[in-house]
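Overview (structure and organization)
Okay, here's what each chain looks like letter by letter:
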Amino acid sequence: MATGAAPVPLADEPATRVDDAGAGWLALKRGKLVRSVISGGEALIQCYHDRIRETVKSGLASSRAAELHEQIGTALEAEGCSGPAQLAEHFHRCRNLEKARRYARLAGHAARTGLAFARAARWYGLAFELSLGTDPEKKSLRVDLAEALENAGHARQAADQYLVAATEEADAAAALDYRRRAAGQLLGSAHTDDGLAV
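First, a word on scope: everything that follows refers to the structure included in this document. (Residues numbered from 1 in each chain as written. Predicted model: local features only at pLDDT ≥ 70, side-chain atom pairs only at ≥ 80, totals over all residues. Heavy atoms only, no water.)

Describing the overall build of the protein chain
A tally of regular secondary structure across the protein chain gives 10 helices and three strands. Relative to its full complement of 198 residues, the protein chain shows a buried share of 36%. Of the accessible surface of the protein chain, which amounts to about 11,100 Å², a share of 53% is contributed by carbon and sulfur atoms. (Helix = DSSP H or I, 4+ residues; strand = E, 2+ residues; numbered from the N terminus. Buried < 20%, exposed > 50% of the residue type's maximum accessible area, 1.4 Å probe, protein only. Areas by Shrake-Rupley, 256 points an atom, 1.4 Å probe, with all protein chains shown as cover.)

Structural notes on the pattern of salt bridges
What the rule picks out here adds up to 16 salt bridges. A salt bridge links Glu137 to Arg101; the shortest N-O distance between them is 3.7 Å. You can see Glu137 sitting in the loop between α6 (117–130) and α7 (138–151) and its partner Arg101 sitting in helix α5 (residues 97–113), a full 36 residues away along the chain. Given the relative accessible area of 35%, Glu137 is considered partly exposed. Two residues, Glu168 and Arg142, come together in a salt bridge whose shortest N-O distance is 3.2 Å. (Salt bridge = Lys/Arg side-chain N within 4 Å of Asp/Glu carboxyl O.)

What to know about the environment of Ser189
On the secondary structure map, Ser189 appears in the loop between α9 (172–187) and α10 (192–197). Among the polar contacts listed, one links the side chain of Ser189 to the side chain of His191, at a separation of 3.1 Å. (Polar contact = N/O pair within 3.5 Å; in protein donor to acceptor, adjacent residues only side chain to side chain.)

Focus on the pairing of strand β2 (residues 34–39)
Sheet topology places β2 next to strand β3 (residues 42–47); six bridges connect them, and they run antiparallel. Residue pairing in the sheet places Val37 in a bridge with Leu44 of β3. Taking the residues between adjacent antiparallel strands as the criterion, β2 and β3 are bridged by two residues, where Gly40 takes a positive phi near 60 degrees. (Pairing = 2+ DSSP bridges.)

Topic: the packing of α5 against α6
Running from N to C, α5 and α6 cross one another at 155 degrees; their axes reach a closest spacing of 8 Å. One way to sum up the angle between α5 and α6 is to call them roughly antiparallel. Note that α5 runs across α6; the crossing there is left-handed. The residues of α6 that touch α5, namely those facing Leu97, Ala100, Arg101, Ala104, Arg105, Ala107, Gly108, His109, Ala111 and Arg112, are Phe117, Arg119, Ala120, Trp123, Tyr124, Leu126, Ala127 and Leu130. (Axes fitted to C-alpha atoms, helices over the stretch in contact; angles between N-to-C directions. Parallel < 35°, antiparallel > 145°, perpendicular 65-115°, else oblique. Left-handed = near helix turned anticlockwise from the far one by under 90°. Contact = heavy atoms within 4.5 Å.)

Side note on helix α4 (residues 84–93)
The complete set of buried residues in α4 reads Gln86, Leu87, Ala88, Glu89, His90 and Phe91. Positive backbone phi, approximately 70 degrees, marks Arg95, located one or two places after α4.

Description of the packing of α6 against α7
Relative to each other, α6 and α7 sit at 155 degrees, their axes nearing to 8 Å. Here α6 lies roughly antiparallel to α7, going by the angle between them. Considering the relative orientation of α6 and α7, their crossing is left-handed. Residue-level inspection shows Phe117, Ala120, Ala121, Tyr124, Gly125, Ala127 and Phe128 of α6 in contact with α7, the latter providing Lys138, Leu141, Arg142, Asp144, Leu145, Ala148, Leu149 and Asn151.

Below is the structure:
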């Protein structure tokens, strides 16, 4: 729980159980180390305070932390109750790059749908960074990243991505469109000389 950046689902309230897990949960709760919260009608468990989370995380060896992230990510994935951002975070931290890339892209899509463009750019950027050069989706990921940066108001970075997309694009009409979009971003953000040069 301390390795996670967000609360994790709690299927059964351990405090109602009479076994060792229930007793352990009660001890943690009484010691104000953990707490349960309700969000969207779902019971979640989280550290009581960020300082507790940071103290526990600092005491973990990196290999053990990666192992815990993998276990949490696998469990959350099996439950099907977590969003792609949480899964991407756990799989990235345990170095499962294939799953991290897939869930980062899904998290980007979800953030874009929710009009959270800065968050979308972060997730698309991570998915792009984790993609191999031979990945057939890498070009479309670059465009997703450019559009998210554009919508988030990061005109210069969006223009840079559009320009690279134009050089990678085999279709002349699509390449021209990417250059046009790059020029628009540059001209609209006071990079006039660069915009005119495109």
